[in-house]
Amino acid sequence: MSSTGVSSADVVVEGETIEALLAPGSSLAASAAESAERVIDATGRYVVPGGVDVHTHLALEMSPEATVSDSFETGTVAAAWGGTTTVVDFCNQTLGDDVRRSVDEQFAKAEGQCVIDYAFHMSMGDVTDSALKEMPTLIDEGITSFKYYMAYPGHVYSDDGQILRAMQVAAETGAMVMVHAENGIAIDVLREQAVERGNTDPVWHGRTRPSELEGEATHRAISLAAVAGAPVYIVHLSATEALAEVAAARDRGRNVFAETCPQYLYLSIEDHLTQEGIDGLTYVCSPPLREHHHSGSLWTGLRADDLSVVSTDHCPFCEKDKLLGIDDFRLTPNGLGSIEHRMDLIHQGVVDGHLSIARWVETCSTTPARLFGMYPKKGVIAPGSDADVVIYDPSRRHTLGVESHHMNSDISAWQGFDLTGAVETVMSRGQMVIDNGKFVGRTGRGRFVKRGLSDLLI
Ligand code: DUC
Ligand code: ZN
Ligand code: ZN
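In what follows, the accompanying structure is described. Here the structure is a predicted model, which means the values were calculated and not measured.

1. Some points on the coordination of the zinc ion (ligand 3)
Protein coordination of the zinc ion (ligand 3) is provided by H55 (NE2), H57 (NE2) and D313 (OD), with donor distances spanning 1.9 to 2.0 Å. Written as a sequence motif, the donor arrangement for the zinc ion (ligand 3) is H-x1-H-x255-D. A spacing of 4.3 Å is found between the zinc ion (ligand 3) and the zinc ion (ligand 2). Placement of H57 in the loop between β4 (51-53) and α2 (72-81) and of D313 in the loop between β11 (309-310) and α14 (319-322) is noted, with a sequence separation of 256 residues between them.

Okay, structure coming up:
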């Protein structure tokens, strides 16, 4: 299975890499099988390149009160269960913080903990001269993409001038600029006004972050990137207005890319965020869940390649953390957990007729690897590539929820979702991590992936 479609092949793995793809029934395939240590019959299954999730938050301290509930160990175990073999997490510099310190801290958290391979983006929450100077050094170290926030004034927010300066460095160095595109200044006004009126329920999290302000910020990010001559990647795109900006820029032939996440494809403000108490708080993430009609446009955007990638923005919390916002939605830590379910949820999009099988592989594995400098090591089953291979049963049915998931959380935004298609076996660099439904991985065997520059820039 590849980003160009389905074909029949015997996959030969030698050590950590794919050695060959052979025609089934050929004499070469027969002799490879004879000398193999192990032969797996994947008849009736898909053999897919391991998933590449380029937006996760593991072991992230969101505030002094709330830390993401998945560590690098539990998060990568859950990822593996769901057929993801590479995650790209973030080093998180916040206001007043030193870039180098934040990098060292995140490396230390991941070191010796991961069961699959991992890499990092730099999340730059304080764009100072010294932070900008670090960018070329980080690129040499394999951190080749940088996230900036148009949201969260007073925390990790960057103004347009700061983002422009960072984009200028990216233009010189070939780095990828990632932008959280929501107009945080306007959003903060709406949030304060809502709470002053006594509107403190979870649904107000959504109502105070209107989709127009994502569209506006996306337009601004694209304009700034054009002026700087830098590529831009819009993270967690959730709204039709933002998609229209990305599509228009791509039609102009620009280096503009965007990801969406399963929550924006399946969940909605009406069905989920309007619930009271923990039921609504579970769905507080930013950008927020949108009205139903947005998800239809997002599926179309994925199909038409206006959206290039599906990542998770995995950022799970436990019930006790979410309840911090019980009297004021603003105090709820933003995020939900999906690292384990992304491949299945997007495969369900294939089952439901939203996407082709090839596009499933392309958006969940191949393109993320290409955009973020990991291809062809990751994202493809081809001779010389890392043997990150998933055997996927397209017809097995299962139900998601806290009783069966492996993410370290006592709540699930996906509780009760019935899906068709499930991971059977997962190999990471030639070693079994999930063997026919059993976890056989080892903590600490996951390796840091030193990334190069994107190979998709024009
Ligand atoms: N942005 C993210 O990318 N993740 C969690 C919260 C947020 O605002
Ligand atoms: Zn964000
Ligand atoms: Zn995120």
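2. Some words on helix α16 (residues 357-371)
Taking 1.5 Å as the rise per residue, α16 with 15 residues should run 21 Å; its terminal C-alpha atoms sit 20 Å apart, in good agreement. Along α16, the largest kink reaches about 45 degrees and is centred on T363. Where burial is concerned, most of α16 is hidden: 13 out of the 15 residues are buried. One or two steps after α16, the chain reaches G373, where phi turns positive at roughly 70 degrees.

3. Considering the sheet that holds strand β8 (residues 176-180)
Taking strand neighbours across the sheet as the criterion, the eight strands line up as β4-β5-β6-β7-β8-β9-β10-β11 in an open arrangement whose pairing is parallel. Sheet topology places β4 and β11 at the edges, where each strand pairs with a single neighbour. Where strand β9 (residues 232-234) and strand β10 (residues 256-260) come together, three bridges link them in parallel fashion. Along β10, the bridge assignment pairs Y233 with F257. Sheet contacts for helix α4 (residues 129-140): β5 (84-93), β6 (117-124) and β7 (145-149); angle to β7, the most-contacted strand, approximately 150 degrees.

4. Digging into the side chain of D386
Relative to the elements of secondary structure, D386 occurs in the loop between α16 and β12 (389-399). Reaching out from D386, the side chain makes a polar contact with the side chain of K378 at a distance of 2.8 Å.

5. A closer look at the site of ligand 1
Close to ligand 1 lie H55, H57, K147, Y152, H180, H236, S286 and D313, which account for all nearby residues. One of the side-chain nitrogen or oxygen atoms of H57 is found 3.1 Å away from a nitrogen atom of ligand 1. In the model, an oxygen atom of ligand 1 is placed 3.2 Å from a nitrogen or oxygen of the H236 side chain. Protein chains shield 96% of the accessible area of ligand 1, which is 240 Å² for the free molecule. Among the residues making up the shell around ligand 1, the classes are represented as one nonpolar, five polar and two charged.

About the criteria used
Residues numbered from 1 in each chain as written. Chains lettered and ligands numbered in written order. Predicted model: local features only at pLDDT ≥ 70, side-chain atom pairs only at ≥ 80, totals over all residues. Heavy atoms only, no water. Donors = N, O, S within 2.8 Å, 3.2 Å for Na, K, Ca; no water. Helix = DSSP H or I, 4+ residues; strand = E, 2+ residues; numbered from the N terminus. Expected span 1.5 Å × (residues − 1). Bend = angle between axes of the 7 residues up to and from the residue. Buried < 20%, exposed > 50% of the residue type's maximum accessible area, 1.4 Å probe, protein only. Pairing = 2+ DSSP bridges. Contact = heavy atoms within 4.5 Å. Axes fitted to C-alpha atoms, helices over the stretch in contact; angles between N-to-C directions. Polar contact = N/O pair within 3.5 Å; in protein donor to acceptor, adjacent residues only side chain to side chain. Near = heavy atom within 4 Å. Areas by Shrake-Rupley, 256 points an atom, 1.4 Å probe, with all protein chains shown as cover. Nonpolar A, V, L, I, M, F, W, Y, C, P; charged D, E, K, R; others polar.

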